[in-house]
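Each chain, letter by letter, is given below.
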Amino acid sequence: MFILFGHSKSQIHFKKITEDIECPVCKSHNTLFVYSYGRYFHVFYIPFFPLNKFNQIQCSHCKYTCNENELPYSLQNAVYRSNLLNPPKRPIWHGIGGLLSVGFIVFLFAITIIGAVIGIRQEPKPDDSRKELLKIDIEKTTENPEYETDSVSFFLKSCVHESVSGMKTEKIRYYTRYNGDKILVLLKVSDMKKVEKSTRKELVYAVENCLDFIVPEDTERFIGVDGNWNMLMVKTPTASELKGDFADEELLLPFYDITQP
Ligand SMILES: [Zn+2]
């Protein structure tokens, strides 16, 4: 790729030498001015970083001009002292390209780090495929389970309806499935808000009682009652969260673990 680069200069300061010094050419007094320049490196004419500074002297009377280092030693000293009093300062734009590049690199670095941190946070845990399975199963809940495809739900629908009052049980959606000798029973209740928290757990008890009729006693039961936004109640062989407003759905995940024969 063709890259145009090089160095350029601009005047950064201009002042009169205040000491009473005569021009080496026309011998006028108080006519010498110092012009300070800054060189900078540019890429495609964009200043990238500053290079050296240098001074030129000009006599306002005879227009004699020369570089500082061509002056007699005494004059060089006068320029030096003049610069000490009022030092030429380089403008920030002499390094703007470099500053922007560094800023851009820092920015890229920062978003890479942030991206990596977010990536690590979002990286699914090895067992997260079970969460996905649970999500899919919750979506499979239906108000009208069919005997042919989900006989347990079909039975639960009517059994729970018989045993629970104070709740629109006909609106409850069901889905059940087996995994070895484990059974997962998912209920989805969209109007749980209208039910007193203290009586919500009756729904889980009713499911358990109804299951007693149709599944063997040693079947491990994983029951989850899902609400509009989150799991409301969970009961598994090892845990139960039946407060009725929030339950840890991860408690259901062991259902999906492969059962050793
Ligand atoms: Zn002069």
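In what follows, the structure referred to is the one given above.
Residues numbered from 1 in each chain as written. Predicted model: local features only at pLDDT ≥ 70, side-chain atom pairs only at ≥ 80, totals over all residues. Heavy atoms only, no water.

Trainee: I'd like a description of the coordination of the zinc ion, backed by residues and values.
Mentor: Coordination of the zinc ion by the protein involves Cys23 (SG), Cys26 (SG), Cys59 (SG) and Cys62 (SG), with metal-donor separations of 2.2 to 2.3 Å. Coordination at the zinc ion comes from four donor atoms whose angles at the metal span 106 to 116°, giving a geometry best classed as tetrahedral. The buried category is assigned to Cys23, whose relative accessible area is 0%. Classification of Cys62 as partly exposed rests on a relative accessible area of 30%. (Donors = N, O, S within 2.8 Å, 3.2 Å for Na, K, Ca; no water. Tetrahedral: all angles 85-135°; square planar, octahedral: opposite > 155°, others 65-115°. Buried < 20%, exposed > 50% of the residue type's maximum accessible area, 1.4 Å probe, protein only.)

Trainee: Tell me about the environment of Glu22, and please be specific about residues and values.
Mentor: Looking at the secondary structure, you find Glu22 in the loop between β1 (5-16) and β2 (32-43). In this structure, the C-alpha to C-alpha distance between Glu22 and Leu32, residues ten residues apart in sequence, is 7.7 Å. Excluding residues within four positions of it along the chain, Glu22 makes contact with Lys27, Ser28, His29, Leu32 and Leu75. (Helix = DSSP H or I, 4+ residues; strand = E, 2+ residues; numbered from the N terminus. Contact = heavy atoms within 4.5 Å.)

Trainee: Please set out helix α3 (residues 128-139) residue by residue, giving values where relevant.
Mentor: The end-to-end C-alpha separation of α3 is 17 Å, in line with the 16 Å expected for twelve residues at 1.5 Å each. Looking only at α3, the buried set comprises Arg130, Leu134, Asp137 and Ile138. The arc that holds every buried residue of α3, seen down its axis, measures 100°, which confines them to one face. Turning to α3, the residues buried within the fold contact β5 (173-179), β6 (182-188), β7 (220-226) and β8 (231-235). (Expected span 1.5 Å × (residues − 1). Arc of directions from axis to C-beta.)

Trainee: Run through the environment of Ser151, naming residues and quoting values.
Mentor: Relative to the helices and strands, Ser151 resides in helix α4 (residues 151-163). Taking the C-alpha atoms as reference points, Ser151 and Gln122, separated by 29 residues in sequence, lie 38 Å from one another.

Trainee: Could you give me a rundown of the side chain of Asp137, with the residues and numbers involved?
Mentor: Checked against the element boundaries, Asp137 lands in helix α3. Those residues in contact with Asp137, other than ones at most four positions away along the chain, are Tyr175, Arg177, Leu184, Leu186 and Tyr256.

Trainee: Go over the state of the cysteines, please, and point to the residues and values.
Mentor: What is meant by a disulfide is a covalent connection between two cysteines, made through their sulfur atoms. Taken as a whole and judged by the stated rule, the model has one disulfide. Between the sulfur of Cys159 and that of Cys210 lies a disulfide, 2.0 Å long from S to S. Across the disulfide from Cys159 to Cys210, rotation about the S-S bond amounts to roughly -85°, and the bridge is consequently left-handed. You can see Cys159 sitting in helix α4 and its partner Cys210 sitting in helix α5 (residues 197-214), a full 51 residues away along the chain. Residue Cys159 is classed as buried on the basis of its relative accessible area of 13%. (Disulfide = S-S within 2.5 Å.)

Trainee: Residues and numbers for a nonpolar patch on the surface, please.
Mentor: Together, Phe44, Ile46, Ile92, Trp93, Ile96, Leu99 and Leu100 make up a nonpolar patch on the protein surface, roughly 690 Å² of accessible area in all. No other element matches helix α2 (residues 96-122), which puts three residues into the nonpolar patch. Looking at where Phe44 falls in the secondary structure, it is placed in the loop between β2 and β3 (46-59). (Patch = residues over 30% accessible without salt bridge, like charges linked within 9 Å, V, L, I, M, F, W, Y side chains within 5 Å. Areas by Shrake-Rupley, 256 points an atom, 1.4 Å probe, with all protein chains shown as cover. Salt bridge = Lys/Arg side-chain N within 4 Å of Asp/Glu carboxyl O.)

Trainee: Any details on the sheet that holds β7? Residues and values, ideally.
Mentor: With respect to topology, five strands assemble into an open sheet ordered β5-β6-β7-β8-β9, the strand pairing being mixed. Lying at the two open borders of the sheet, with one neighbouring strand each, are β5 and β9 (240-241). Both β6 and β7 contribute to a ladder of seven bridges, which runs parallel. The partner of Leu184 across the bridge, within β7, is Phe222. Along the sheet face, α4 touches β5 and β6 and points at about 135° away from the line of β5. The strands that α5 touches are β6, β7 and β8; relative to β7, the one it contacts most, it runs at about 145°. (Pairing = 2+ DSSP bridges. Axes fitted to C-alpha atoms, helices over the stretch in contact; angles between N-to-C directions.)

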